[in-house]
There are 2 protein chains.
Amino acid sequence: MNTQRIIIVGGVAGGMSAATRLRRLIEDAEIVVLERGGHVSFANCGLPYYLGGVIEKRDSLLLQTPASLGSRFGLDVRVNHEVTAIDRSAKTVRVRDLVTGEQTVERYDALVLSPGAAPVRPPIPGGERMLTLRDIEDVDVAMSALSAAPRTALVIGAGFIGLEMVENLVHRGLEVTVVELGDQVLPPLDPEMAGPVAQRLRDEGVDVRLGTQVTELGPDTATLSDGTVVSAEFVLASIGVRPETSLAVAAGIELGSRGGIRVDDQLRTSDPSIYAIGDAVEKTDAVSGEQRLVALAGLANRHGRLVADVISGKTIRVRDAFGTAVVGVMGLTIVATGWNEKLLRAKGRDIRVIHTHPASHTGYYPGAESMSLKLIVDATTDEILGAQGVGGDGVDKRIDVISTAMAGGLTAADLADLELAYAPQFSSAKDPVNMLGYVDLNAVEGLTRSIQWHELAEELEAGAVLIDVRTPREYADGAIPGSINIPLDDLRARIAEIPERRLVVHCKVGQRGHTAVRILAQLGRDAVNLDGGYLTWSAGIS
Amino acid sequence: MNTQRIIIVGGVAGGMSAATRLRRLIEDAEIVVLERGGHVSFANCGLPYYLGGVIEKRDSLLLQTPASLGSRFGLDVRVNHEVTAIDRSAKTVRVRDLVTGEQTVERYDALVLSPGAAPVRPPIPGGERMLTLRDIEDVDVAMSALSAAPRTALVIGAGFIGLEMVENLVHRGLEVTVVELGDQVLPPLDPEMAGPVAQRLRDEGVDVRLGTQVTELGPDTATLSDGTVVSAEFVLASIGVRPETSLAVAAGIELGSRGGIRVDDQLRTSDPSIYAIGDAVEKTDAVSGEQRLVALAGLANRHGRLVADVISGKTIRVRDAFGTAVVGVMGLTIVATGWNEKLLRAKGRDIRVIHTHPASHTGYYPGAESMSLKLIVDATTDEILGAQGVGGDGVDKRIDVISTAMAGGLTAADLADLELAYAPQFSSAKDPVNMLGYVDLNAVEGLTRSIQWHELAEELEAGAVLIDVRTPREYADGAIPGSINIPLDDLRARIAEIPERRLVVHCKVGQRGHTAVRILAQLGRDAVNLDGGYLTWSAGIS
Ligand SMILES: Cc1cc2nc3c(=O)[nH]c(=O)nc-3n(C[C@H](O)[C@H](O)[C@H](O)COP(=O)(O)OP(=O)(O)OC[C@H]3O[C@@H](n4cnc5c(N)ncnc54)[C@H](O)[C@@H]3O)c2cc1C
Ligand SMILES: Cc1cc2nc3c(=O)[nH]c(=O)nc-3n(C[C@H](O)[C@H](O)[C@H](O)COP(=O)(O)OP(=O)(O)OC[C@H]3O[C@@H](n4cnc5c(N)ncnc54)[C@H](O)[C@@H]3O)c2cc1C
Ligand SMILES: CC(C)(COP(=O)(O)OP(=O)(O)OC[C@H]1O[C@@H](n2cnc3c(N)ncnc32)[C@H](O)[C@@H]1OP(=O)(O)O)[C@@H](O)C(=O)NCCC(=O)NCCS
Ligand SMILES: CC(C)(COP(=O)(O)OP(=O)(O)OC[C@H]1O[C@@H](n2cnc3c(N)ncnc32)[C@H](O)[C@@H]1OP(=O)(O)O)[C@@H](O)C(=O)NCCC(=O)NCCS
């Protein structure tokens, strides 16, 4: 008999995408999906929103069931079945039925591992009552804990998913404290981008504790590393995930340097009959070429489809990963792709950084919201290395455009030429992404040099004069200590007042500063623009 | 004296962008902007929304004034000044002050023409009372006509701007008729994409007359070419624009094949001291390499900046134009870029067309809206030639991503690999743009062949059997005549019922049809998928 038997471990994002695609490619293969949880094909990413009551029906989280997958795709889907061991030489897996306790051995021609990643639980006294959120069982437990109507909640970890939990617990009416070991929320962002997010959380009544750790949980309190005790009737941890590699390790399958399963460019592990995808697997970073863990549903789904192609005999091309991500927090949309400034500077990369604060659409059409964008560029090649954004409407659009530009190998300057759809309610004639290209071009061409918010103090210490070219009214509302206010429109007339020294110029966002630098430079002065202006500086130093 | 004197004709999108950038590049140049209208730097694109009352203050349309441009940029901006002639050998222009009637002659070293385009007025009896909308003066006239509180309005032309007018007149409470000579609204779209827009207009009470012309205007009626008389107390025409070339032509400057001013890759006209940009100028089409008129603000602004760079001595690179555009109509967002199917088929190009009907974000998170996307691809090279979209939330995002992919030279298959930001309220783990890539890959790899809605009749005539794989309930709600209903999940079991003939399979959107084709093909049948499913077919044949 030549029917191929394919076993897939894990029946959610990666695993089930592989299974359905496999059926479309090989009608007569036997495809068995083994899932140790009680459900397959569920919306992990929806769990926080179900918890918060935004998604009302538990059923909406279940995109497919074993029965529906059986009838449509002829898949043999077994929930509550854990794969406990792989015998590579026999090409079998040992399976335990978690309901009956029965053990069986299943033969495979090809084995796909998509076991995901497990939430990391901080090992602290009293930590047993801490909940985590990865699957339907987890959310059931959390929902039942919430049915006891706790008034206070603690979220440990202020990453993307931690903040989704915060948002949703607030939405349910709880008083929420979030504790984060790092000195900012959302570690993938740079601090001046994350600062306003923490501020928004505080404005909405969330108690945000940075640079602290939870050291102990009492029955309804938590003790922090700074000695504070906070009320914490309900506790969720979200300090990251660890690739589920136990099965692979026990079978002698190689891991990579980051602790995930290592795969080649055809998604094959060190055993040529065993493939691996999803959160358990290391990806190649598109910016650095290094190995990296990226736990994102898009990649899990994509690689699920690709691994099916490989098993069916095709040659695939797995692209390196940028890791584009988005989260909604209290009305803010926060996005990131590629590398951040912190990491690139730590690596000693010669980079150029651009901050802007554009409107989502033209100011003259009602409803425009302002956003902050950050672009990080290789100073020599102009390659886009990363981008971040925080704001309201249209932030997700801009990161998708930038991420696509990165995939297409466009440089930062190329962004100026993108033809982005414009009508007054959708964008501006120069879209915010075009404008990033403009600002970059001015740097590339040496027209307007700029310094970063974190370089200002040093400039001033070295004797530079800081000129604030905003209006007197803006200046009165709050200014950078030590700055001189000469509004842009008066600059030419008042040039004599300006000392013949190194000048740092700034406005609110950087735009008037750019025109000011051009005037000053053409009048023979040594002037630089404070990138992102007062807004970026304020966000950074706070 | 070596002060450069630069004269710019037209002080709005292209002209003023050139002027401000020029100042940032050449502080000591004399920069004179001559504008025959009473205003500069106004938001042309906002005019329909001011008319409709969405933009409440006339002042918000005026982004800059001669005074503000004078103080910030040292520009000599003269409104109500018309350039009436160019003397190329003397390098002067003749200028008439439209207020005083005074004529002067102004010397230039470089001359920039950004005179825009004039609305075409259908030459019909009674046509004098027909209004058009191009500048502030026009909108003032229209507003005063509206203050007489007409109850009915006629819009002639159902292009992008015509439909903005319709939308805004409806918003003001008028009963609106729109008359379009073509047999669909929005000529840049293909008919099956435009159909639902016409439907939406009708649903909102607009009287949409296609394939007709206005032949005569009475005092408060209009007669159409089919003999009908419609009430038309207020009449706006929007049947297109004609490049403002009179000045250039009179000066012997060459036009291109499309009737616009011809420029080289440095935006120079046939006279090396005279540059031209904006709506008056022909662009090179990025898809065909041919000359083309594209009247879009983004390009006018971009080329305004580029022409300043050229005049300052830089070498520029003007990119070929895709012509990405968006319009909002009655809650629908409608987008297009590149070429459409009509034109490509007329040219005999061998193309592949893909229709999808994805949701703006995951179905399990509240508020998802459905959209229709269309991708047009070179059948051989997989180059993306064009795209269209109609829907609600997120349609503008998808066209910008596709347009960026086109600029980056990505193929349709490459769309599958884009890392687009995903969280449940923003997208799906496979974003609609990724999904276009998936569908394309299935065509490229020959896995699922498809036919278009307009090819179905011919297939059926030639003897193909049409199988509707939707549920019996969907089938009962409306089906394609002659189709047999075998739900996807029953296909394997009921294979014996299916005649051994050419099979066309369809579902609602194409997705289940794809799985059905894969099953049938692997069972040895000759099956193709009806691209875009029942939705595209219905939209196309209606
Ligand atoms: C709360 C939450 C929110 C998220 N939000 C987002 C988001 O907004 N955007 C985004 O891109 N990503 C998000 N993610 C991440 C995304 O869900 C994952 O990247 C994706 O699910 C990974 O797919 P996977 O197939 O690798 O693992 P999973 O989808 O986790 O599936 C792995 C499955 O394997 C099973 N399994 C493991 N070991 C065995 C075994 N030995 N035998 C049998 N079965 C086994 C597990 O029970 C599990 O069900 C979120 C994740 C969580 C938890
Ligand atoms: C109602 C409307 C809605 C629009 N909506 C959109 C949209 O949503 N998105 C989009 O991308 N585009 C839109 N456009 C198109 C966009 O406005 C144009 O593409 C853009 O303004 C072209 O810039 P330009 O500089 O070529 O011409 P303009 O901006 O029109 O400026 C030309 C100026 O030159 C002046 N002029 C002409 N001849 C002379 C002369 N001899 N002497 C002195 N002055 C002269 C004219 O008075 C005019 O003010 C819209 C246009 C209109 C009219
Ligand atoms: C849904 C799931 C079962 C996969 O099923 P699937 O049928 O492969 O995927 P989809 O339903 O998304 O459909 C995609 C298929 O339809 C095709 N398709 C989509 N729209 C189409 C259209 N309009 N016309 C033709 N084909 C279309 C695609 O090409 C693709 O087929 P392919 O892989 O053979 O190219 C799996 O991804 C899953 O379990 N997901 C839930 C878990 C998860 O992803 N969690 C993380 C996010 S919350
Ligand atoms: C507005 C107008 C006068 C041009 O003025 P402008 O100063 O050149 O343009 P903007 O105000 O958009 O600012 C863009 C400049 O600021 C710079 N800039 C923007 N944000 C910045 C930031 N955060 N930091 C530094 N520089 C920034 C850009 O690089 C650009 O300068 P550059 O051209 O030297 O590169 C002209 O485009 C106009 O009249 N527009 C109205 C008419 C119109 O466009 N109509 C059609 C659409 S409705």
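Each remark here, short or long, concerns the structure printed above.
Residues numbered from 1 in each chain as written. Chains lettered and ligands numbered in written order. Predicted model: local features only at pLDDT ≥ 70, side-chain atom pairs only at ≥ 80, totals over all residues. Heavy atoms only, no water.

Trainee: Please provide a residue-by-residue account of the interface of chain A and chain B, values included.
Mentor: The interface of chain A with chain B comprises 83 residues on the first partner and 83 residues on the second. Between chain A and chain B, a total of about 7100 Å² is buried, with carbon and sulfur atoms accounting for 53% of that surface. When the area that chain A buries against chain B is broken down by residue, the three leading residues are Arg72(A), Tyr364(A) and Glu419(A), summing to 12%. Taken together, the connections running from chain A to chain B amount to 18 salt bridges. Among the salt bridges present, the one from Lys397(A) reaches Asp400(B), with a minimum N-O distance of 3.8 Å. Viewed at the interface, chain B and chain A are joined by 48 residue pairs in polar contact (both at pLDDT 80 or more). Only α1 (13–25), α3 (66–73), α8 (297–311), β20 (325–329), α10 (395–407), α11 (432–444) and α14 (511–522) of chain A provide two or more residues apiece to the side of chain A that touches chain B. In terms of residue count, the dominant contributor to the side of chain A that touches chain B is α10(A) (nine residues). Each residue belonging to the side of chain A that touches chain B can be placed in one class, and the counts come to 40 nonpolar, 19 polar and 24 charged. (Contact = heavy atoms within 4.5 Å. Buried area = accessible area lost by both parts, 1.4 Å probe. Salt bridge = Lys/Arg side-chain N within 4 Å of Asp/Glu carboxyl O. Polar contact = N/O pair within 3.5 Å; in protein donor to acceptor, adjacent residues only side chain to side chain. Helix = DSSP H or I, 4+ residues; strand = E, 2+ residues; numbered from the N terminus. Nonpolar A, V, L, I, M, F, W, Y, C, P; charged D, E, K, R; others polar.)

Trainee: Mind laying out empty space enclosed by the protein, listing which residues take part and the relevant values?
Mentor: Throughout the structure, instances matching the rule amount to two cavities of 30 Å³ or more. There is about 230 Å³ of room inside the largest cavity. Along its surface, the largest cavity is lined by 20 residues, and Gly298(A), Leu299(A), Leu418(B), Glu419(B) and Leu420(B) are the ones closest to its centre. For the lining of the largest cavity, the secondary structure elements donating two or more residues are α8 of chain A together with α11 (432–444) of chain B. Residue contributions to the lining of the largest cavity peak at five residues, all from α8(A). One number sums up the size of the second largest cavity: a volume of about 30 Å³. (1 Å grid on protein atoms, 1.4 Å probe; cavity = no way out; pocket = protein on both sides within 12 Å on 5 of 7 lines; lining within 4 Å. Points joined across faces, edges and corners; volume = space filled by probe spheres on them.)

Trainee: Describe in detail unusual backbone geometry, supporting the description with residues and values.
Mentor: Non-glycine residue Asn80(A) carries a positive phi angle of around 55 degrees. Structurally, the position occupied by Asn80(A) is in the loop between β3 (76–78) and β4 (81–87). With a phi close to 50 degrees, Leu186(B) is a non-glycine residue in the positive phi region. Following the sequence through the fold, Leu186(B) ends up in the loop between β10 (175–180) and α6 (191–203).

Trainee: How would you summarise the pattern of salt bridges if you had to cite specific residues and measurements?
Mentor: Residues and elements named next belong to chain B. Within the structure shown, the criterion is met by 86 salt bridges over all chains. Put simply, Asp309 and Arg305 hold a salt bridge, and the shortest N to O gap is 3.9 Å. In this pair, Asp309 and Arg305 are both assigned in helix α8 (residues 297–311), four residues apart and thus about one turn of the helix distant. Taking relative accessible area as the criterion, Asp309 reaches 3% and is therefore assigned buried. (Buried < 20%, exposed > 50% of the residue type's maximum accessible area, 1.4 Å probe, protein only.)

Trainee: Just give me the short version of the environment of Leu154(B), but keep the residues and values in it.
Mentor: Residue and element names in this part refer to chain B. On the secondary structure map, Leu154 appears in strand β9 (residues 152–156). Taking C-alpha positions, Leu154 is 9.6 Å from Leu174, a pair spaced 20 residues apart along the chain. For Leu154, the residues in contact, after removing those within four places along its chain, are Thr177, Val179, Val214, Leu217, Ala222, Ala232, Phe234, Val235 and Leu236.

Trainee: Can you break down the side chain of Ser403(A) residue by residue, with the values?
Mentor: Position of Ser403(A) among the secondary structure elements: in helix α10. A polar atom in the side chain of Ser403(A) sits 3.2 Å from the side chain of Thr324(A). Discounting residues that sit within four places of it in the chain, Ser403(A) has contacts with Thr324(A), Thr337(A) and Glu419(B).

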